[in-house]
Amino acid sequence: MDTRIASLDDAPAMSRVLREIIAHTGRDRPNDEAFVTRQYIANPSSIRCTVAIDDEGLVLGFQSLVRAEAGNRYDVPAGWGIIGTHISPRAHRKGVGSALFRSSREAVEQSGLKKIDAYIGADNQSGLRYYEAMGLQTYRTSKGIVQKVFTVE
Ligand SMILES: CC(C)(COP(=O)(O)OP(=O)(O)OC[C@H]1O[C@@H](n2cnc3c(N)ncnc32)[C@H](O)[C@@H]1OP(=O)(O)O)[C@@H](O)C(=O)NCCC(=O)NCCS
């Protein structure tokens, strides 16, 4: 498994990953290629979007890191980072999320961000445990949502 920066050509595979997660969790969400391109690959607020690929180049998952703009829908303070992680259920618990976080962590260092938010469903145990393992701590809870923060020391 390896990681690299996402490119526009990755949109179909990233869209497929989102559909696989939806089929697995039953939680619907936008997933088409145009959304993936706009939200993750070519988002003007993007700091880095990393894909994880297997030995044959198949995309296993991705992690986006964007700069929080004023008035963002997660109510994250402007200037923080916002991180999101999406990995195919076929590849869970094999270190993919950890590898993606190493890439994002490198981008955090380069960008000068001091705080990174993760917005997680309160019933999403794997998401909660994953971000805790990556060093994030809960700073806010509301209506079925837990927000965790990574603080750059
Ligand atoms: C949550 C998610 C990103 C974890 O990715 P992953 O590739 O399985 O994570 P890793 O294998 O790198 O795990 C790293 C650590 O996180 C923790 N962790 C991850 N999944 C876990 C689970 N289901 N239960 C408990 N701990 C878990 C563990 O400490 C793990 O280390 P270990 O395997 O050595 O014990 C992945 O399951 C996913 O994409 N889920 C669907 C979308 C989602 O929930 N995104 C995040 C919240 S919005």
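Residues numbered from 1 in each chain as written. Predicted model: local features only at pLDDT ≥ 70, side-chain atom pairs only at ≥ 80, totals over all residues. Heavy atoms only, no water.

Chemist: Can you help me understand the sheet that holds strand S5 (residues 115-121) in this one?
Modeler: Across a sheet, strands are paired by hydrogen bonds formed along the backbone, either parallel or antiparallel in direction. The 7 strands are arranged S1-S2-S3-S4-S5-S7-S6 in an open sheet whose pairing can be described as mixed. Both edges of this open sheet fall to strand S1 (2-5) and strand S6 (137-142), since each of them pairs with a single strand only. Adjacent strand axes in the sheet meet at a mean angle of 25° when their direction is disregarded. Here strand S2 (residues 46-53) pairs with strand S3 (residues 59-67) via 7 bridges, running antiparallel. Among the inter-strand pairings, arginine 48 is bridged to a residue of S3, identified as leucine 65. Across the face of the sheet, helix H3 (residues 96-111) comes into contact with S1, S2, S3, strand S4 (81-87), S5 and strand S7 (145-151) while running at roughly 155° to S2. (Pairing = 2+ DSSP bridges. Helix = DSSP H or I, 4+ residues; strand = E, 2+ residues; numbered from the N terminus. Axes fitted to C-alpha atoms, helices over the stretch in contact; angles between N-to-C directions. Contact = heavy atoms within 4.5 Å.)

Chemist: Would you take a moment to explain helix H2 (residues 33-41) for this structure?
Modeler: Three- or four-residue spacings in an α-helix give side chains the same orientation, since the helix completes a turn every 3.6 residues. Restricting attention to buried positions, one finds in H2 the residues Phe35, Val36, Tyr40 and Ile41. For H2, the angular spread of the buried residues around the axis is 155°, confining them to a single face. Check the buried side of H2 and you find it contacts helix H1 (11-25), S2, S3 and S4. Measuring from the backbone nitrogen of alanine 34 back to the side-chain oxygen at the start of H2 gives 3.1 Å, which picks out aspartate 32 as the cap. (Buried < 20%, exposed > 50% of the residue type's maximum accessible area, 1.4 Å probe, protein only. Arc of directions from axis to C-beta. Polar contact = N/O pair within 3.5 Å; in protein donor to acceptor, adjacent residues only side chain to side chain.)

Chemist: Sorry if this is basic, but what is going on with the site of the ligand here?
Modeler: Every one of the 20 residues lining the ligand counts as a neighbour, but Arg93, Gly95, Gly97, Ser98 and Asn124 are closest to it. Residue serine 98 places a side-chain N or O atom 2.6 Å away from an oxygen atom belonging to the ligand. Contact with the protein chains hides 73% of the accessible area of the ligand, taken as 900 Å² for the molecule alone. Of all the elements in the fold, those that place two or more residues in the shell around the ligand are S4, H3 and helix H4 (125-133). The biggest single contributor to the shell around the ligand is H4, with 6 residues. In terms of residue class, the shell around the ligand is built from 8 nonpolar, 9 polar and 3 charged. (Near = heavy atom within 4 Å. Areas by Shrake-Rupley, 256 points an atom, 1.4 Å probe, with all protein chains shown as cover. Nonpolar A, V, L, I, M, F, W, Y, C, P; charged D, E, K, R; others polar.)

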